[in-house]
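Remarks on the overall topology
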Amino acid sequence: MLYLVASCIALLFGPLCYRYFSSGSGLHKGLDGFIFVSLGGLVLIHILPELLEHGGILTLLFVVLGLWGPTASERLFHRYSDITHNVTLTLGIGGLLLHTITDGGAMVLAQQEGNSILLALGVIMHRLPVGVAIWWLLKPQVGTRWASAVLAAMMILTGVGYFTGEQLLQHISIDNTVYLQAFVTGSILHVVLHQPHGNHDEDQQGRYQYQAGIGSLLGVALLAVLVLVDTGGHDHVHHSHGSGQFINWLLTVSPVVIISYLIATARFKAGLSPQNNSLASRWLQRLAGPEALFITLLLLGPWFALYQAIGLLLVGALLSLGKVELTDPHENLPTSCWRFGFAHLVDRSAPWIALSLILANLIGHPSVHLEHPALQVMILLAVFLPMRFCNLGAAVLALSLAYSGWSNVAVAFALIAAPVLSISQLKLMNWTMRAALTAVLAIALIFAEQLLVDWHQLLILPNSINIAGVVIVGLIFSASLLRLGPREFLSRLMIKFKGHSHDHEHDHNHGSDSGHKHSHKHHH
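What counts as what
- Residues numbered from 1 in each chain as written.
- Predicted model: local features only at pLDDT ≥ 70, side-chain atom pairs only at ≥ 80, totals over all residues.
- Heavy atoms only, no water.
- Helix = DSSP H or I, 4+ residues; strand = E, 2+ residues; numbered from the N terminus.
- Contact = heavy atoms within 4.5 Å.
- Areas by Shrake-Rupley, 256 points an atom, 1.4 Å probe, with all protein chains shown as cover.
- Buried < 20%, exposed > 50% of the residue type's maximum accessible area, 1.4 Å probe, protein only.
- Core = buried A, V, L, I, M, F, W, Y, C linked by side-chain atoms within 4.5 Å.
- Phe/Tyr/Trp six-rings, centres within 6.5 Å; stacked < 30°, edge-to-face > 60°.
- Lys NZ or Arg CZ within 6 Å of the ring centre and 35° of its normal.
- Axes fitted to C-alpha atoms, helices over the stretch in contact; angles between N-to-C directions.
- Parallel < 35°, antiparallel > 145°, perpendicular 65-115°, else oblique.
- Left-handed = near helix turned anticlockwise from the far one by under 90°.
- Nonpolar A, V, L, I, M, F, W, Y, C, P; charged D, E, K, R; others polar.
- pLDDT = per-residue confidence, 0-100.

Turning to the overall build of the chain, a few remarks are in order. The number of helices and strands found in the chain is 21 helices and zero strands. Summarising the internal contacts of the chain: among those between residues at least 6 apart in sequence, 83% fall at separations of at least 24. When the accessible surface of the chain is split by element, carbon and sulfur atoms take 67% of a total near 22700 Å².

What follows is the structure, encoded as structure tokens:
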């Protein structure tokens, strides 16, 4: 009973936090950063892997429908964009309400003999961002009365799940509702990403990015605690590809990422600059760094590193001879080599490293049956085209997929294709160059299938050093979050949002300027 009361009290922090943090624009940006990171991370790291375990690859399809369906509807039926947004918001809130019933059941399970109380603690703690998000999403749009009613309903449904226990959970178990929950999960991500009722006119100059960064760091801290609680409170056999696997990858990758930033610092000091006059030099840095090669060498072995070096050299030579310019060139380069390696490059690569770990944690899940190499390559192609992976993100994605058991062909494709295969980059090529690039990549994949042997990790460090690496990387990435704020930090991942303004949420206040509220996000 104590767990039930504590979980309800956690929800009540939502109105309290909103009342305090909405008193000023800076504090409001901090609240936005907290919700953006904590709720988004909770969905990507905790909820989605669990849904994949029960629903398989079809789960991802329903998540995509929930995420992009509202965007497509608003573009096709702009006149009814208000209705579309409200339906999406209702679906998201409905999904959170449904999830509260299972939360109540989980607390009952935590009280049973042999189960850890950390399970109940995890449920209680993840209610904090949920309660804040409910109030943040509903209070400005439907008022205090409806927002209070939703919070009250969440408390009641938690009690229903707690007291009815196994009888009700059998009917609304995750196996019976997995695809509905997946669709609703996508709707939640849509609402969080598009920042409803955000007041952008007050922060056109980025004056409150520091406050947004502080809020996002608090969200990261809460996520870290939840992940640690989750790994301690669950059977690792059943969660080997959830938060536990995510932590293992962080421990493995972090020290090598630090080494890669040191190498980037040294090559900038030696005069290898992204703004070099030589197009071939700029392509070499875009594709390989060469810091990305060291990640592959240390964590996948020399054969994969040699393959990556030769493959990227051929791709770079082709694009240089064809005089293809780079999309998203480096701007405002610092003069200090240390600021380049540990500030400028971090700002550009950290989002991709985080995305690569999360993507591999999802598409590399054992329940996502993608054994055939051709199917794996097609999935990766669908991921690469709307984005523009940096070379460090590509290397991290490749090694994460290798550790998940994906084929050598798919791992090789991530290493050589991710930094160059994007819609924004392909637009700068003519059809002849696109055909030539396709041929080079196809030949490279044939060689990968025939010649690449199994990977092996060269650098195996003591756990204490790995933990220290995670702390250092966490501090470096935290500094980037403080500089940019969470939405600007992730802006390069959001090129698909270009042209989608959600101005229906601001027509009452901002007039014709509201259509430009997301303009600061797009660099492609």
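The step from G289 to P290 runs through a cis peptide bond, and the omega angle for that step is 25 degrees. Along the chain, P290 turns up in the loop between α10 (279–287) and α11 (291–300). The phi dihedral of N332 falls on the positive side, at around 55 degrees, and the residue is not glycine. You can see N332 is positioned in the loop between α12 (302–321) and α13 (337–363). The class of N332 is exposed, set by a relative accessible area of 72%.

Before going further, it helps to spend a moment on the environment of P255. Mapped onto the secondary structure, P255 falls in helix α9 (residues 243–269). Judged by relative accessible area, P255 falls into the buried class, the value being 9%. Along the backbone, P255 and V470 are 215 residues apart, and their C-alpha atoms lie at a distance of 7.2 Å. If we ignore the near neighbours within four places in the chain, the residues touching P255 are L461, I465, N466 and G469.

Let us look at the nonpolar core. Within the largest apolar cluster, 132 residues are counted, with the highest numbers of intra-cluster contacts made by I134, M154, L380, F384, F389, V420 and L437. Dropping the residues within four chain positions of it, L437 is found in contact with V315, L318, V420, L421, L426 and M429. Of all hydrophobic cores here, the second largest spans seven residues; its members include C8, M107, I124 and Y162.

What follows covers the packing of aromatic side chains. According to the stated counting rule, one finds seven aromatic pairs in the structure shown. Ring centres 4.7 Å apart and planes at 40 degrees place the aromatic pair W352 and F389 in the tilted group. Of the two residues, W352 is situated in helix α13 and F389 in the loop between α14 (373–384) and α15 (391–403); the sequence distance between them amounts to 37 residues. For the pair formed by W352 and F389, the shared burial category is buried. Relative to F389, the ring of F384 has its centre 5.4 Å away and its plane inclined at 75 degrees; by these criteria the two rings are edge-to-face. Per residue, the accessibility class of F384 equals that of F389, and both read buried. One aromatic cluster in this structure is built from W352, F384, F389 and F413. Here the basic side chain of R434 rests over the ring of W431, its NZ or CZ set 4.6 Å away from the ring centre.

Our next topic: the packing of α13 against α15. Between α13 and α15, the least distance of the axes is 8 Å, while the angle of their chain directions is 20 degrees. Judged on the interaxial angle alone, α15 and α13 are roughly parallel. Where α13 crosses over α15, the two elements pack in a sense that is right-handed. Note on element contacts: α15 touches α13 through L392, G393, V396, L397, S400 and L401, opposite S349, W352, I353, S356, L357, L359, A360 and I363. Residues belonging to the contact of α13 with α15 are distributed by class as follows: 10 nonpolar, four polar and no charged.

For the chain, the average pLDDT comes to 78, and 74% of its residues sit at 70 or higher. Scored below 50 in pLDDT, residues 197–205 makes 19 contacts in the model with residues more than four places away or belonging to other chains. This stretch, residues 233–240, has a pLDDT under 50; its non-local contacts, to residues over four places away or in other chains, come to 10 contacts.

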